[in-house]
Amino acid sequence: MKKLLLVIGLGLMAFSAFGSSDDSSVFKPGIFVQAGLSYNFYNQNVLNANSNPYLDVEYRVSPTLSPVFHYSRINGFTTHAYIPRIIRYTGPSQQFPVDTIYNINETEKLRINCFSLKLKFALTKPGKNYAYLAPQLGFSFVNSSLTQQGDNMSLNYQSLETYYSYGCDFGTDHNISTDGKLRLCTGLGILVGNNDSKDEYNYTSKIDTHLVIIMSLSD
């Protein structure tokens, strides 16, 4: 958290340094909707690196500052397995089988929905191209499911964990149209999540940090 506060402080200093712009007299607030892909890397082997969609809704209140609402859906993984036979028992003693299930198709899924609020500060003088810093704070909802379907049974297990998350993006913003309505955003971001009630038997509790490469178009 101290590192995040330091990043926010640097952003505020950059904002104050570049708060006055030659374009401020003609600046008009506007809303930009960014849609794109992020490529995610994780610091543990629970999830594989993969591409995921995201959406940012940015409201430029000044040439150097924009609040941004962020949503991304991370498709953690989907695995399939075939199990020829499962023997079910009466209880903890594991002495008397009560049922035998054949030809089980097992599917396991993990999905993460991230919601956060960013403050996007221009680090260079706003113009056709500029660099930005965007601290963020929000929540992540981790959904995992396990489905087993056999000849004579169907079972479905669901779990949900909620994380608070914080991080920061650093990137560039490029106008690629003459009217400035079409933009290309690229960048890097680090998102850290934390769950106070961690369960050592639940792998979703191990999802805590990932690096994001951002690329999007906005209109």
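So, a few notes on the structure that sits alongside this text. These figures come from a predicted structure and were not determined experimentally. (Residues numbered from 1 in each chain as written. Predicted model: local features only at pLDDT ≥ 70, side-chain atom pairs only at ≥ 80, totals over all residues. Heavy atoms only, no water.)

With 10 residues, the main nonpolar core is built from Tyr-42, Leu-47, Ile-74, Phe-77, Leu-110, Ile-112, Cys-114, Val-142, Tyr-163 and Leu-191. Looking at this core, the elements that each hand over two or more residues are β3 (65–89) and β4 (97–122). At three residues, β4 tops the list of elements feeding residues into this core. (Core = buried A, V, L, I, M, F, W, Y, C linked by side-chain atoms within 4.5 Å. Buried < 20%, exposed > 50% of the residue type's maximum accessible area, 1.4 Å probe, protein only. Helix = DSSP H or I, 4+ residues; strand = E, 2+ residues; numbered from the N terminus.)

Two aromatic rings, taken as a pair, are described by how far apart their centres are and by the angle between their planes. Under the criterion given, the structure shown has three aromatic pairs. Centre to centre, the rings of Tyr-71 and Phe-115 are 5.0 Å apart; their planes meet at 45°, and the pair counts as tilted. Taken together, the residues Tyr-71 in strand β3 and Phe-115 in strand β4 connect sequence positions 44 residues apart. Between Phe-115 and Phe-141 the ring centres are 6.0 Å apart and the planes differ by 70°, which places this aromatic pair in the edge-to-face class. On the criterion of sequence distance, the pair formed by Phe-115 in strand β4 and Phe-141 in strand β5 (residues 129–150) is long-range, its members being 26 residues apart. Members of the aromatic cluster, connected to one another through ring pairs, are Phe-69, Tyr-71, Phe-115 and Phe-141. The positively charged end of Lys-120 is found above the aromatic ring belonging to Tyr-132, 4.4 Å away from the centroid. Over the face of the ring belonging to Phe-32 we find Arg-183, whose NZ or CZ atom lies 4.0 Å from the ring centre. (Phe/Tyr/Trp six-rings, centres within 6.5 Å; stacked < 30°, edge-to-face > 60°. Lys NZ or Arg CZ within 6 Å of the ring centre and 35° of its normal.)

Bringing a nonpolar patch on the surface into the picture now. A surface patch of nonpolar side chains, about 660 Å² in accessible area, is lined by Ile-31, Val-33, Leu-55, Val-57, Tyr-59, Val-61, Phe-69 and Phe-115. Those elements that provide at least two residues to the nonpolar patch are β1 (30–42) and β2 (50–60). If one sorts the elements of the nonpolar patch by residue count, β2 sits on top with three residues. Within the element layout of this structure, Ile-31 appears in strand β1. On the accessibility criterion, Ile-31 (56% relative accessible area) is exposed. (Patch = residues over 30% accessible without salt bridge, like charges linked within 9 Å, V, L, I, M, F, W, Y side chains within 5 Å. Areas by Shrake-Rupley, 256 points an atom, 1.4 Å probe, with all protein chains shown as cover. Salt bridge = Lys/Arg side-chain N within 4 Å of Asp/Glu carboxyl O.)

For the rest of this paragraph, the subject is the pattern of salt bridges. Under the criterion given, the structure shown has six salt bridges. Residues Asp-56 and Lys-118 are paired through a salt bridge, measuring 3.4 Å at the closest nitrogen-oxygen approach. With Asp-56 in strand β2 and Lys-118 in strand β4, this pair connects stretches of sequence that are 62 residues apart. Here Asp-56 matches Lys-118 in class, with each residue buried. One salt bridge in this structure joins Lys-120 and Asp-173, with 2.9 Å as the shortest N-O distance. With Lys-120 in strand β4 and Asp-173 in strand β6 (residues 153–175), the pair connects residues that are 53 residues apart, well separated along the chain. Here Lys-120 matches Asp-173 in class, with each residue buried. When salt bridges that share partners are traced, they join Glu-58, Lys-120, Asp-173 and Arg-183 into one network.

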